[in-house]
Structure formats: C-alpha cells, structure tokens
Amino acid sequence: MEELQGALQAGGLTVSNFPDKGRSLVTTRDFYPGEVIISQEPYVCVPNNSRCDGCFTDTNLKKCSACQVVCYCGSVCQKLDWKLHRLECQALSKLDKERRKSVTPTIRLMVKLYLRRKLQNEKVISVTATDNYNLVEALVSHMLDIDEKQLVLYAQMANLVNLILQLPEISIKEIAENFSKFACNAHTICDSELRPLGTGLYPIISIINHSCLPNAVLVFEGRLAVVRAMQHIPKGDEVLISYVETAASSTTRQKALKEQYFFSCTCSRCIQVGQYEDIEESAILEGYRCRDNGCSGFLLRDSDDKGFVCQQCGLLRDKEEIRNIASDIKAMSDKVLKSNSSGNHQDSVFMYKNIEKLQKQLCHPFSISLMRTQEKLLEILMQLEDWKEALAYCRLTLPVYQRVYPGSHPLLGLQYYTCGKLEWLLGETDEAIKSLTKAVDILRITHGSNTPFMKELLMKLQEARAEASYKLSSRDE
Ligand SMILES: C[S@@+](CC[C@H](N)C(=O)[O-])C[C@H]1O[C@@H](n2cnc3c(N)ncnc32)[C@H](O)[C@@H]1O
C-alpha cells in the first residue's frame, strides 16, 4: 500500500478510506477539464468472442493452432502475448472439445489472472508498485452480499477454472471470490465510440468510486484505461466516475447500483429522491405524456388510482388505455428483436417506426425509451446508407441527449459527431461545422486531443471549414 501511495502521490493522487465507501481516490492537487488523472494498463484482459487477443480487432483473425480457442490478427500480437498464452495454451489444449466450448471470456479472464500471478511470482514478468497481484487481493468482493444462486454459479465457474489450471494450491473458494470481485471491479473495454470490445481488470482504476454526477470519465485508448477530468476537480476532492447508465430515473439507477455493486448512492442527484424535482425528472424520463398533444406536462398517478394526471393541465389519462398501448409496444418490441436476428433491415425499420408511433402516443417527448427507439432507427438507417433519414433521427435524439447527458458527457459529443458526419455527407457544410465544433468541444475533454480518433475528428472539421470558405469564395467570384 505504501508503494502504491508513493506512486500515486507523484501523480497528484492519494487513496483515502471513507467509512461509507471504503477506499476512494482523492486528489492532492487541482485537475482541470480534459486532464488525464490516471491511466493504467490492465492486469489482465480478454476480448469479446471473435476478436484478437492482442489488439481486439475483429479482422484477419486466425485461431491459435494449438488451443483452437484464442484468436490473433497476426504474429505481432501473438508474439507480444506469448509469455502468458504459452501457459494458457498448454492448459486449454488438455481440455476435450466440448469443454473448450464452455471457455467463455470471463473464464479466460480468471485463468489469465492466475497465470499472470504465477509468472510474476516466478519473476518471468516484472512486478511494480502499480502492477502486482496484491492490488487484486485488495479489491472488494461483496462475497457476503451475493445470493445463494450466484454463489452456486461462481462455484461452478471456479470448478472449470480449477480443471483448466490444475494448480492444487488454489482453492475453489478463492476462485469464486475472485469471480465476485470481477462482477464489481472489472471494466468493459470500449473503443473510442464507446462500443464494447472486451473486459479488463484495472486494480487502481477500480479504486475510483461512483457518482451519478461524475467529475471524471473513463475511456480506453486500445487496452489502456484513461481517466480524465470532466470539470475542474479541486485539490482534496474525490475522483468519481459513473458505473451505470446515467440516462435513467433515480429509482432505475439505484436499482442497478444495488444489484451489481451493493450500495445505495448518496450523490447530489440521488439525495434528491422523493423531492419534487426528482419526481418530475423520473416522470419525464420514464413516464407518460399528456392526453393533450399540445401539452408538455408530465403525469403522476392520481390519488384514486384511476390513471395518471397531467401536472400542467390536470387532464386524466386512463390506466386501461396506458396499459393497452404499453402491451402493444411490448409485443412489437419482442417481434422486432426476433426479426433483427434474421437481418432484414427494411423490416426492422418498418417495425421500429411502428413502435416509435406508439411510444409517441404513450411516452413523454423526453422519454428514454422513445430515444432508444430513435437511436435504433438511426443505427439501422446508417447501415442502409439512408443518410437523409438517419440525419433526421440523429437530430431528433439531440434534445434528449442534451438533457440526459449534460455537460461534457462523451455520448453527447459522439452524437454531435454522428450528426456532423451526416450533415457533411449530405452537403450541409455550415451545419456540419456547427455540429463537429460541438463534438470537438466535448470530446477534446473526454478523449484528449492527441488520439487517432480525435485527430480524425479535427481533420474532418478542418476539411468542412475549408469547403465552406471555398464555397464562399466561389460565390463571391
Ligand atoms: C470498484 S469498487 C470501488 C472501490 C472501493 N471503494 C474499494 O474499497 O475498493 C466498487 C465498490 O465500492 C463501493 N462504492 C463505490 N461507489 C460508492 C458510493 N458512491 N457510495 C458507497 N459505496 C460506493 C461499493 O461497495 C462498490 O461495490
């Protein structure tokens, strides 16, 4: 711990222990928006299925000829991973074909965890203050909080790991406890557009606690986890990221945090639970719209339980009517999920538009479920290369994004980026410049300025500006 404190101190950080939260990462100097607070390579990581174990790409993959489980995109990635994969490969190769199929990424993460510990113990891989197994041992496991069913599942998974590793010194109980640690400490590794690529264990990043109004954001540059300040964080303040989707009512967020992380959030957003502002926000994000289409009021259950009353104009919406529309939406959503897998995009667009129509009748205009349907339509229309309609849907989501992802939220920046790219494609250069500028203002903070992703965005903005001035000068001539 002293060694870790020393390493953190040099970077303007310290670990404090708070009675209600346990370990917490605290600043010992001011941090400013966009500044990297901390970055860390994973202790261990695995890609999702069908991705390279080294760089997580999904192209040019070849399976390791010996174990037939792990994929690489080429010899560079394979060689870099060899010290660890040599041991994993030997272990996996001993499994019969059927057993190999049950080796999921989570099982592999555990196998790699123990193999890395072994290699560090044997001094094949170096040990540093910020890269050692003691940091994994210090992670919270919440073993006493998990239910019987989950414990049984962890024990079954631990049995498989034990079978693969064949290391008698490791007990099933210890492996099961580490699975419990993964559940509340491992991070999903995403690309710059926040699409999931894999899972990693970053024991120092895992010291950072949660807030629904975070002051920092976690992004990935390849496998490197990078935490940047989203706002000015004065010396002595705790560094806080969000563990869950913040576009949700307090009840939904609290439920997610309790189920996976076993705590009740007391951040400044959650502390308002039960107060008028919070009730209003929840009713807007997850509730119903007024019967009068011209009214933007939000609805609350009436005291006689006949239905929901608009808090702006007083109109009552019948419970039965709401139930019927909601059940139609549910039936259509189930159907579209089935048809999605058959891959007919035109059919999916048709069905999602029907869902959207019903959600517009049922939900508040700022509803998250309506926004999700519009996001889905945007995604499919992009795949269909219907840029014009895609842009229309992208623009529809923006007011909701501004509300649910305030400040420098990366998702808001990315949505502006998509909007800008579509406007640029459709020749709406002036609009594209505005959108790309907004994207740069946000993503410069969350993603830094020097990554290939940001360089590409800045290049697009430059090109759009050059085109606009060219258009202007040719008009003048
Ligand atoms: C990834 S760990 C964070 C570091 C942890 N505090 C520790 O001592 O190692 C996640 C766990 O920290 C605790 N935690 C995180 N954020 C919290 C918060 N805002 N309030 C209370 N507990 C929190 C919960 O126990 C949660 O399961």
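Residues numbered from 1 in each chain as written. Predicted model: local features only at pLDDT ≥ 70, side-chain atom pairs only at ≥ 80, totals over all residues.

1. Some words on the pairing of strand 14 (residues 307–310)
Thinking step 1. Note: strand 13 (residues 299–301) against strand 14, three bridges, orientation antiparallel. Paired with Leu300 across the two strands is Val309, which belongs to strand 14.
Thinking step 2. From the end of strand 13 to the start of strand 14, which pair antiparallel, there are five residues, and Asp305 there has a positive phi angle of about 60°.
Thinking step 3. Strand direction decides the pairing type here: strand 14 and strand 15 (residues 316–318), joined by three bridges, are antiparallel. By the bridge assignment for strand 15, Val309 is matched with Leu316.
Thinking step 4. The hairpin formed by strand 14 and strand 15 contains five residues between the paired strands, and Gly314 there has a positive phi angle of roughly 85°. (Pairing = 2+ DSSP bridges. Helix = DSSP H or I, 4+ residues; strand = E, 2+ residues; numbered from the N terminus.)

2. Comments concerning the UniProt feature "domain: SET" (unreviewed entry) in the protein chain
Thinking step 1. Taking the numbering used here, the UniProt-annotated feature "domain: SET" (unreviewed entry) corresponds to residues 11–244.
Thinking step 2. Secondary structure content for residues 11–244 is 33% helix and 22% strand, and the end C-alpha separation is 27 Å. (UniProt positions renumbered as here; feature names shortened; annotations may be inferred.)

3. Considering the confidence of the model for the protein chain
Thinking step 1. On average, residues of the protein chain carry a pLDDT of 96, and 99% of them reach 70 or more.
Thinking step 2. Note on the complex model: pTM 0.95, ipTM 1.00. (pLDDT = per-residue confidence, 0-100.)

4. Focus on the site of the ligand
Thinking step 1. Among the 18 residues in the neighbourhood of the ligand, the closest are listed as Gly22, Arg23, Asn209, Tyr261 and Phe263.
Thinking step 2. Within the residue set of the shell around the ligand, elements represented by two or more residues are strand 2 (22–27), helix 8 (172–185) and strand 9 (209–210).
Thinking step 3. Here the shell around the ligand is composed, by residue class, of eight nonpolar, seven polar and three charged. (Near = placed C-beta within 6 Å. Nonpolar A, V, L, I, M, F, W, Y, C, P; charged D, E, K, R; others polar.)

5. Side note on helix 8
Thinking step 1. Taking 1.5 Å of rise per residue, the 14 residues of helix 8 would be expected to cover 20 Å, and the 20 Å separating its terminal C-alpha atoms lies within 8% of that figure.
Thinking step 2. Those residues of helix 8 that fall on the buried side of the exposure criterion are Ile175, Ala176, Asn178, Phe179, Ser180, Lys181 and Asn185.
Thinking step 3. Looking at the buried residues of helix 8, the elements they touch are helix 5 (105–121), helix 7 (148–165) and strand 8 (196–201). (Expected span 1.5 Å × (residues − 1). Buried ≥ 20, exposed ≤ 12 C-beta atoms within 10 Å, placed from the backbone. Contact = placed C-beta atoms within 7 Å.)

6. Quick look at the sheet that holds strand 14
Thinking step 1. Here three strands make up an open sheet; going across it, the order is 13-14-15 and the pairing antiparallel. Among the strands making up the open sheet, the edge pair consists of strand 13 and strand 15. Strand after strand, the sheet turns through a mean of 30° between neighbouring axes, direction not considered. (Axes fitted to C-alpha atoms, helices over the stretch in contact; angles between N-to-C directions.)

7. Re helix 13 (residues 368–383)
Thinking step 1. Look at helix 13: 23 Å from first C-alpha to last across 16 residues, which is about the 22 Å you get at 1.5 Å a residue.
Thinking step 2. Buried residues of helix 13: Ile368, Leu370, Met371, Thr373, Gln374, Leu377, Leu378, Ile380 and Leu381, and no others.
Thinking step 3. On the buried face of helix 13, the contacting elements are helix 10 (276–286), helix 12 (345–362) and helix 14 (387–404).

8. Observations concerning the packing of helix 3 (residues 82–93) against helix 5
Thinking step 1. Look at helix 3 against helix 5: their axes get within 10 Å of each other, and the N-to-C directions meet at 125°. By the angle class used here, helix 3 and helix 5 are oblique. The way helix 3 lies across helix 5 gives a crossing that is right-handed. Across the interface between the two elements, Lys83, Leu84, Leu87, Glu88 and Ala91 of helix 3 pack against Val111, Lys112, Leu115, Arg116 and Leu119 of helix 5.
Thinking step 2. Split into classes, the residues belonging to the contact of helix 3 with helix 5 amount to six nonpolar, no polar and four charged. (Parallel < 35°, antiparallel > 145°, perpendicular 65-115°, else oblique. Left-handed = near helix turned anticlockwise from the far one by under 90°.)

9. Details of the domain arrangement of the protein chain
Thinking step 1. As far as domains go, the protein chain holds domain 1 (45–187), domain 2 (274–394) and domain 3 (405–477).
Thinking step 2. Placing a centre on the C-alpha atoms of domain 1 and another on those of domain 3 gives a separation of 41 Å. (Domains from an automatic or database assignment.)

10. What about the packing of helix 5 against helix 8?
Thinking step 1. For the pair helix 5 and helix 8, interaxial distance at closest approach is 11 Å and the crossing angle is 115°. Relative to helix 8, helix 5 is oriented so that their crossing is right-handed. Contacts between helix 5 and helix 8 involve Thr106, Leu109, Met110 and Leu113 on the former and, on the latter, Ile175, Asn178, Phe179 and Phe182.
Thinking step 2. Here the contact of helix 5 with helix 8 is built from residues that sort into six nonpolar, two polar and no charged.

11. Some points on the UniProt feature "domain: MYND-type" (unreviewed entry) in the protein chain
Thinking step 1. In this structure's numbering, the residues bearing the UniProt feature "domain: MYND-type" (unreviewed entry) are residues 52–89.
Thinking step 2. Secondary structure across residues 52–89 divides into 37% helix and 11% strand, with the first and last C-alpha atoms of the span separated by 15 Å.

12. Re the sheet that holds strand 3 (residues 36–40)
Thinking step 1. Ordered in space as 3-11-10, the three strands form an open sheet in which the pairing is antiparallel. The sheet is open, and its two borders are formed by strand 3 and strand 10 (216–221), each paired with just one other strand. Here the strands of the sheet are splayed against their neighbours by 20° on average, with no regard to which way each runs.

13. Points about the environment of Ala7
Thinking step 1. Counting through the fold element by element, Ala7 comes out in helix 1 (residues 2–10).
Thinking step 2. Counting along the chain gives 123 residues from Ala7 to Thr130, while the straight-line C-alpha distance between them is 7.4 Å.
Thinking step 3. Dropping the residues within four chain positions of it, Ala7 is found in contact with Ala129 and Thr130.

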